[in-house]
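# Coordinate analysis (summary)
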Amino acid sequence: MRPLPVLLCRLVEGIMASFNDNGGYSVFECFLRSPGIIWRCMRRLCRIIVNALIPINWRSNCGSPLEPETNSEVNFPASSSPKDVEQSRGNGPPKRAADYNRDLTPKERQGFDRSVPESEEVVAQLTEDEDESEEDGGEFRVDSSDEFYCGYDSTWETEDQEPRCSGTRRPAAGHYKFSRFENAAKDMQNYRHDYPSLSKMSRWNESDDQPNLKFHLGLMRSVPDDAFIKDFHNEWYRDYNRLESEHSYIQWLFPLQEPGVNYQARTLTKDEIKDICQSSLALENLLESYKLMLDFYGIELLNEQTGELTRALNWKARFNNLNSHTHNNLRITRILKCLGTLGYPHYQAPLVHFFLKETLVNRELPQIKDSVLSYFVFAVLDKRQRRNLIKFAYLNYDRKDEFVWCPKKIQMMWSRESVSRQKTYL
């Protein structure tokens, strides 16, 4: 059997000969000499084939009967340990933190936009989808043709699916918010899946002097600030001008497996991650660093077990600084990633929920809203917590038609669910 390219060439030659016999060869030849037209036609054909054949499943509210339920409005408390979170790191199905109650509180319902139109066809389709999901064991299908489907976002994948990058461009890709989210999703997926590209490199040298571990144990000074970790905790605490203007300390306080702007700081190694997570002193120092930065942002840690947060007494001044110095968004993203890597993944969701509430509900941090939605939310390792955060964001987002951070089908399902609850409480 001849290869497909050979058959296509024979077909093209036959068509060209036919056109030549009928005096139309010059037109067809002009078409073939326009590679842009051919490329667009081939892409459109491939898009039709891919959209028809490749669905995506996601599991909704699949907590086991043994897992306690908590309310998603109460600052997303979590009792998960580093081993409990979903990190997609290839050691079989990971243990999951407790799922959150799907019932919304009155405060969440206030954020629902009643102006969202829903036709009878939409409601009927969603009802049919939910019925099918019950038969399939709680699986929902999100097709890659969805207007806001992002191939770099693994939030809606089931545990046995591999992350896929998007090979097609839909009309929504031209939307500036979706394009920004798609670019951010590449970085966040790389983090959530433990930097798969780095595993191919021989960067985990056993003879490494482990500068990050030594710094967090108080045995080494940072460079170039020449400070021990306790110096930051004691001397830099509430020195807001210094914390704002200096940029080299954050890579030492919150190290990652990826480089930052301080070239004198070292990236984390696998051995360092293991040793820091097993050291009570290193984890205690990391917690103090977290409190240092929370205070800088006008936030107070209420509960060290759950990660529950509240506004600090000086929150207004600190929020003003956040709104006017948005480079802090990069720092917060680094902090969230570090918490997930070094023993505090259960702190991620409470911090993101705090920022979602302040941006979307209280409207005190409008300048960081896009970063919260495109970066902060997708740094959360636990998939079900991430889904709950996105749902909270959608229900409290003013312009539902501009929400691009989850597939359109999921948004429609949540809108219908909210309408149903509104009618129940009326």
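Reading the values: rules and limits
Numbering of residues starts from 1 in each chain and follows the order in which that chain's sequence is written. Totals for whole chains, interfaces and linings use every residue, but because this is a predicted model, local features are given only for residues with pLDDT of at least 70 and side-chain atom pairs only at 80 or more, for both listing and counting. Working from all heavy atoms in the structure, the side-chain values ignore hydrogens and water. Counting from the N terminus, the helices are the DSSP runs of H or I reaching at least four residues and the strands are the DSSP runs of E reaching at least two. Exposure is judged per residue with a 1.4 Å probe applied to protein chains only, and the accessible area is read against the type maximum: over 50% gives exposed, under 20% gives buried, and values in between give partly exposed. For the purposes of this section, nonpolar cores are sets of buried Ala, Val, Leu, Ile, Met, Phe, Trp, Tyr and Cys residues that join through side-chain atoms within 4.5 Å. Contacts are assigned to residue pairs that have any heavy atoms within 4.5 Å of one another. Here a cavity means grid points, on a 1 Å grid over the protein atoms only, where a 1.4 Å probe fits yet cannot get out; a pocket means an open set of points with protein on both sides within 12 Å along at least five of seven lines; lining residues are those with an atom within 4 Å of a point. Grid points are joined across faces, edges and corners, and a volume is the space filled by probe spheres set on the points. In this classification, Asp, Glu, Lys and Arg are treated as charged, Ala, Val, Leu, Ile, Met, Phe, Trp, Tyr, Cys and Pro as nonpolar, and every other residue, Gly included, as polar. Any two cysteine sulfur atoms within 2.5 Å of one another count as a disulfide. Centres within 6.5 Å make a pair out of two Phe, Tyr or Trp rings, where for Trp the six-membered ring is used; the pair is then stacked when the planes are under 30 degrees apart, edge-to-face when over 60, and tilted otherwise. Note on criteria: charge over ring means Lys NZ or Arg CZ within 6 Å of the ring centre, with the direction from the centre no more than 35 degrees off the ring normal. Criterion for a salt bridge: a side-chain nitrogen of Lys or Arg within 4 Å of a carboxyl oxygen of Asp or Glu. Helix span, as expected, comes to 1.5 Å for every residue beyond the first. Given a residue, its bend is the angle between the two axes fitted to the seven residues that end at it and to the seven that start from it. Polar contact is defined as a pair of N or O atoms within 3.5 Å, subject to the rule that within protein one atom must be able to donate a hydrogen and the other to accept it, and that residues adjacent in sequence are counted only when both atoms are side-chain atoms. The pLDDT value expresses, per residue, how confident the predictor is, ranging between 0 and 100.

Time to look at the environment of Glu157. Looking at the secondary structure, you find Glu157 in the loop between β4 (139–141) and α6 (176–192). Glu157 gets classed as buried once you look at its relative accessible area, which sits at 4%. Taking the C-alpha atoms as reference points, Glu157 and Lys383, separated by 226 residues in sequence, lie 9.2 Å from one another.

One finds Tyr290, Met293, Phe355, Leu356 and Phe403 to be the most contacted residues of the largest nonpolar core, which totals 85 residues. It is helix α12 (residues 280–296) that provides the largest number of residues to this core, a total of nine residues. With near-sequence residues (within four places) excluded, Phe355 lies in contact with Ile299, Leu322, Ile332, Leu365, Ile368, Val372 and Phe376.

Over the atoms rolls a probe the size of a water molecule, and its path tells where empty space is left. Each pocket or cavity is described by its volume, and for the second largest pocket that value is around 420 Å³. Looking at the second largest pocket, it is lined by 20 residues, and the ones nearest its centre are Val261, His327, Leu330, Arg331 and Arg334. If you list the elements that add at least two residues to the lining of the second largest pocket, you get α6, α10 (250–253), α14 (328–341) and α16 (369–376). Looking at which element gives the most residues to the lining of the second largest pocket, the answer is α14, with six residues. By residue class, the composition of the lining of the second largest pocket is seven nonpolar, seven polar and six charged.

Time to look at the state of the cysteines. This model, assessed by the stated rule, comprises zero disulfides. Here Cys277 is not disulfide-linked; the sulfur of Cys338 is the nearest cysteine sulfur, at 9.2 Å.

Under the definition given, this model contains 23 aromatic pairs. An angle of 40 degrees between the planes, with centres 5.0 Å apart, marks the rings of Phe181 and Phe378 as tilted. On the criterion of sequence distance, the pair formed by Phe181 in helix α6 and Phe378 in the loop between α16 and α17 (383–395) is long-range, its members being 197 residues apart. A single burial state applies to Phe181 and to Phe378, both of which are buried. The ring centre of Trp315 lies 3.8 Å from the NZ or CZ of Arg311, which sits over that ring. The ring of Tyr394 is capped by Lys400, whose NZ or CZ atom sits 5.6 Å from the centre of that ring.

Across all of its chains, the model carries 15 salt bridges by this definition. Here Arg266 ties to Asp209 by a salt bridge, and the two come within 3.8 Å at their closest N and O atoms. Here the residue Arg266 occupies a position in the loop between α10 and α11 (270–277), and Asp209 occupies one in the loop between α6 and α7 (211–216), the gap between them amounting to 57 residues. Taking the relative accessible area as the measure of exposure, Asp209 reaches 40% and is therefore partly exposed.

Our next topic: α6. Under the 1.5 Å per step criterion, the end-to-end length of α6 is 24 Å for 17 residues, consistent within 8% with the ideal 24 Å. Of all the bends in α6, the greatest, near 25 degrees, is centred on Ala185. Residues of α6 that are buried: Lys177, Phe178, Ser179, Phe181, Glu182, Ala184, Ala185, Met188, Gln189, Tyr191 and Arg192. The secondary structure elements touched by the buried residues of α6 are α14, α15 (348–361), α16 and α17. Directly after α6, the chain includes Asp194, whose backbone phi takes a positive value near 60 degrees.

A few words now on the environment of Tyr237. Mapping Tyr237 onto the fold places it in the loop between α8 (229–235) and α9 (240–245). Judged by its relative accessible area of 39%, Tyr237 is partly exposed. Counting along the chain gives 56 residues from Tyr237 to Met293, while the straight-line C-alpha distance between them is 8.7 Å. Within the structure, the side chain of Tyr237 is placed 3.4 Å from the side chain of Arg238, a separation counted as a polar contact.

Mean pLDDT over the protein works out to 74, with 60% of the residues at or above the 70 mark. Below a pLDDT of 50 lies the segment residues 19–28, which in the model reaches eight contacts outside its immediate sequence neighbourhood of four places, other chains included. Taken together, the stretch residues 201–207 has pLDDT below 50 and engages in 10 contacts with residues farther than four places along the chain or on a different chain.

Attention now goes to the environment of Asn190. By the secondary structure assignment, Asn190 is in helix α6. Taking the C-alpha atoms as reference points, Asn190 and Tyr152, 38 residues apart in sequence, are found 8.9 Å from one another. In this structure, Asn190 is in contact with Tyr195, Pro196 and Ser197, ignoring residues within four places of it in sequence.

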